[in-house]
Amino acid sequence: MRRVFVLEALGAATGIAGAFCMAFLPTPVAGFALFLVSNLAWLAFARASRLWALQAQQGLFLVSSLAGLWNWWLGPLLLG
């Protein structure tokens, strides 16, 4: 039970931090990175808790986080 609580707390905390980074920082890279951690934590939580709708939602949010990191950080870094 403790592992599930840690995943839930990590998912919530990094999601909140990501939202604040997106709102207040000049570039959204840190926000997307925190959202990525949040997505992974929520995916693990949803799987452990057998919450399939939450797992599907976070799977799609994970794709969004990866796209944001690509567009704002990795793509420009690798492609110039």
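Each value, and the rule that gives it
- Residues numbered from 1 in each chain as written.
- Predicted model: local features only at pLDDT ≥ 70, side-chain atom pairs only at ≥ 80, totals over all residues.
- Heavy atoms only, no water.
- Phe/Tyr/Trp six-rings, centres within 6.5 Å; stacked < 30°, edge-to-face > 60°.
- Helix = DSSP H or I, 4+ residues; strand = E, 2+ residues; numbered from the N terminus.
- Buried < 20%, exposed > 50% of the residue type's maximum accessible area, 1.4 Å probe, protein only.

> Now, about the packing of aromatic side chains: what can you tell me, with residues and values included?
What the rule picks out here adds up to 2 aromatic pairs. Measuring from ring centre to ring centre gives 5.9 Å for Phe20 and Phe24, while their planes differ by 15 degrees; the resulting arrangement is stacked. Taken together, the residues span about one helical turn, with Phe20 and Phe24 both in helix 1 (residues 2-24) at a distance of 4 residues. Per residue, the accessibility class of Phe20 equals that of Phe24, and both read exposed. Consider the rings of Trp42 and Phe45, whose centres lie 5.4 Å apart with planes at 85 degrees: the pair is edge-to-face. Of this pair, Trp42 and Phe45 both sit in helix 2 (residues 29-49), separated by 3 residues, roughly a single helical turn. Classification of Trp42 as buried rests on a relative accessible area of 18%.

> Now, about the environment of Ala9: what can you tell me, with residues and values included?
Structurally, Ala9 can be placed in helix 1. Given the relative accessible area of 35%, Ala9 is considered partly exposed. Separated by 69 residues in sequence, Ala9 and Leu78 have C-alpha atoms that sit 34 Å apart.

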